[in-house]
Amino acid sequence: MKEVLNSLGLSPSNPGGFSGAWIGSGKVQTVVSPIHGEALATVTNVTPQEFETVLAKCHQAFASWKLVPAPKRGEVVKEIGDELRRNKEALAQLVTLEMGKTLREGRGEVQEMIDICDLAVGLSRQLYGLTMPSERRMHRLQEQWHPLGVVGVITAFNFPVAVWSWNTAIALVCGDTVLWKPSSKAPLTAIACTRIAEKALRKFGFDPAICSLVIGKGSEIGDLINTDPRVALVSYTGSVPGGRHVGGLVQARFGRHILELGGNNAVIVSEKGDLDIALRSIYFGAIGTSGQRCTSTRRVIVREAIFETFKNRLLGLYRKTPIGDPREDKYLMGPLVDAAAVDTMLAAIDTVKAQGGKILCGGERLPHPGGCYVTPCIVEVPGNLPIVKEETFAPVLYLMPYKTIEEAIALQNGVPQGLSSAIITNDLGECELFLSAAGSDCGIANVNTGTSGAEIGGAFGGEKETGGGRESGSDAWKAYMRRQTSAINFSGQVELAQGITLDI
Ligand code: UN1
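Notes on the structure in this doc start here.

The computed volume of the largest pocket comes to approximately 810 Å³. If you trace the largest pocket, you find 40 residues lining it, with Phe-157, Lys-185, Tyr-236, Gly-238 and Ser-239 closest to the centre. Breaking the lining of the largest pocket down by element, the ones donating at least two residues are α8 (218–227), β11 (231–237), α9 (240–252) and α12 (339–354). With 6 residues, α12 is the largest single contributor of residues to the lining of the largest pocket. By residue class, the composition of the lining of the largest pocket is 16 nonpolar, 17 polar and 7 charged. Of the residues that make up the lining of the largest pocket, three or more belong to each of domain 1 (2–261 + 467–484) and domain 2 (265–447). Its boundaries defined by the atoms lining it, the second largest pocket holds a volume of some 360 Å³. The wall of the second largest pocket is formed by 22 residues, among which Glu-112, Phe-159, Arg-293, Gly-453 and Ala-454 lie closest to the centre. When contributions to the lining of the second largest pocket are tallied by element, the ones reaching two or more residues are α5 (103–123) and α6 (162–173).

Every residue lining the ligand is accounted for by Glu-112, Asn-158, Phe-159, Trp-166, Glu-260, Arg-293, Cys-294, Thr-295, Ser-452, Gly-453, Ala-454 and Phe-460. According to the grid-proximity analysis, the pocket containing the ligand is the second largest pocket. Viewed by domain, the shell around the ligand spans two of them, domain 1 (2–261 + 467–484) and domain 2 (265–447), each represented by three or more residues.

Moving on, we get to the pairing of strand β9 (residues 177–181). Here β9 lies mainly inside the structure; 5 of its 5 residues are buried. Where burial is concerned, the two faces of β9 agree: the one with Thr-177, Leu-179 and Lys-181 and the one with Val-178 and Trp-180 are both buried. As paired elements, strand β8 (residues 150–154) and β9 share 5 bridges and run parallel to each other. Each residue of the ladder has a partner; that of Val-151, found in β9, is Val-178. Between β8 and its parallel partner β9, the chain crosses via α6, and the hand of that crossover is right-handed.

What follows concerns the nonpolar core. If you look at the biggest cluster of nonpolar residues, it comprises 135 residues, and the most contacted ones within it are Val-269 and Phe-310. Of the domains in this structure, domain 1 (2–261 + 467–484) and domain 2 (265–447) are the two that each give at least three residues to this core.

A word on the sheet that holds strand β17 (residues 396–402). Pairing is mixed across the open sheet formed by 7 strands, whose spatial order is β15-β16-β17-β14-β13-β19-β20. The sheet is open, and its two edges are formed by β15 (358–361) and β20 (444–447), each paired on a single side. Between one strand axis and the next, the sheet turns by 25° as a mean value, whatever way the strands run. Where strand β19 (residues 420–424) lies against β20, 4 bridges are found, and the strand directions are parallel. The partner of Ser-420 across the bridge, within β20, is Ile-444.

Parameters and conventions
Positions within a chain are numbered from 1, following the residues in the order the chain's sequence is written. Residues qualify for local features only when their pLDDT is at least 70, as the model is predicted, and side-chain atom pairs are given and counted only at 80 or more; totals for whole chains, interfaces and linings, by contrast, use all residues. The basis for every side-chain value is the complete set of heavy atoms in the structure, and neither hydrogens nor water enter the calculation. Detection works on a 1 Å grid of protein atoms alone, calling trapped sets that fit a 1.4 Å probe cavities and calling open sets with protein on both sides within 12 Å along at least five of seven lines pockets, with lining residues defined by an atom within 4 Å of a point. Grid points are joined across faces, edges and corners, and a volume is the space filled by probe spheres set on the points. A run of DSSP states H or I qualifies as a helix once it reaches four residues; a run of E qualifies as a strand once it reaches two. Both are numbered from the N-terminal end. In this count, Pro and Cys sit with the nonpolar residues alongside Ala, Val, Leu, Ile, Met, Phe, Trp and Tyr, while Asp, Glu, Lys and Arg are called charged and the others, Gly among them, polar. Just so you know, the domain bounds were taken from an automatic or database domain assignment. The cutoff for a nearby residue is simple: one of its non-hydrogen atoms must lie within 4 Å of the molecule or strand. To qualify as sitting in a cavity or pocket, a molecule needs more than half of its atoms within 2 Å of the grid points. Classification of residues uses two cut-offs on accessible area relative to the type maximum, computed with a 1.4 Å probe and protein chains only: under 20% is buried, over 50% is exposed, and between them is partly exposed. A pair of strands is considered paired only if DSSP assigns at least 2 bridges between the two. By convention a crossover is right-handed if, when the strands point away from the viewer, the path from the first strand over the helix to the second runs clockwise. Here the nonpolar core consists of buried residues drawn from Ala, Val, Leu, Ile, Met, Phe, Trp, Tyr and Cys, with membership extended through side-chain atoms lying within 4.5 Å. Axes here mean lines fitted to C-alpha atoms, for a helix over just the part in contact, with angles spanning 0 to 180 degrees between N-to-C directions.

Written out as structure tokens, the structure is:
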């Protein structure tokens, strides 16, 4: 444990603020691992005054960073990616220690960071604007993309490093500076990443405040970000109530936001699909990260004719789920992030029972000194019961039958969230219907693969209560830049648009 912390530049006690220098004199927080309840290190939160210092520096750094040619900014991101490659194993281990996902998933998360850096490096030479034909003679109409400003990145515990990297790698090549407020449940990984970014920025002689950090409570430090007009864009990943709060504050000052909130992701299993593919995708989707991904599979909608067969095979897998220390390869499921998460899961199970759900397996707290372990749970439900419409951030999977594909799609869409969805089918008609305007209403709609594990190349995010924001690949970068439309007249005369004449 010590070696991992040391190799990433962490000490037994760490300041939680950075903007070129490390500061922090607020509340001292002890970070405890959900694996065994042992203390990992302490972090000193920033005070509101220190927040002001950090934001002022981060904002000041924008003035020169925005003038650096984008491909040069890309070189810094390339260096961050290389540094992540060198530290992949240590960082994955720290992620596992701090929030409890399995090491194989921790490695996957760091890989996701490396991948987005590669994407952003390429993007740094492709921040294209368009030219359009002007309606006027000898005029040119064009749009170009300029850096936006400080991007406030507020992240959740479940992907403590990847979500920062999706935002940061893109924001940096776009010429923005980044102010990161990580989850208070995962501050050590945030310090480790900030050190990596600091090293890369210093290597190229840039102001390290370009990647700043503030660790503190959402209600205090988070709200300072949300309300400050110097923060041009707030990218928030978290719960629906959290997003409603952040979105309201940012909107009230006409700031921009990217909201990536809760999911309630379903897989439709058709009798025309491959059952083995269905089982593997759903099993990983539901128990991966102990059901704590926003893309976790929460509902399975199974064709009536195969319901019993599918249910029994899934139960077989669930009952032998190896649960234990996520650092050991033999375990597929580690702990939940903390004791409160266990309580929330157990409360949801009580509620679904009261609402008519039938517990088929799991849903128990596992006795463990200091760790937060549970057994993954499957509940049979007749449809979207009230509790099923809520996102319970835990390994609880609701199983429901359907008769027609239209009914299955209506069930899939019949929740307030709209992040991820999938269908398992080899029927072309079903597949196309699911992907059509009459199909899934989610930001992600997959065929013959599960709801989680989105690749960074696509834009990531969802609709309805998921918040509508998009991060990561495709053209998501446009949200991190300022679009400017220009009409350039080289005719030597004045010609008004829309055919208006001016007789003077
Ligand atoms: C999240 O849970 O906030 O698609 C992000 C996935 C990962 C990212 C999840 N690539 O499951």
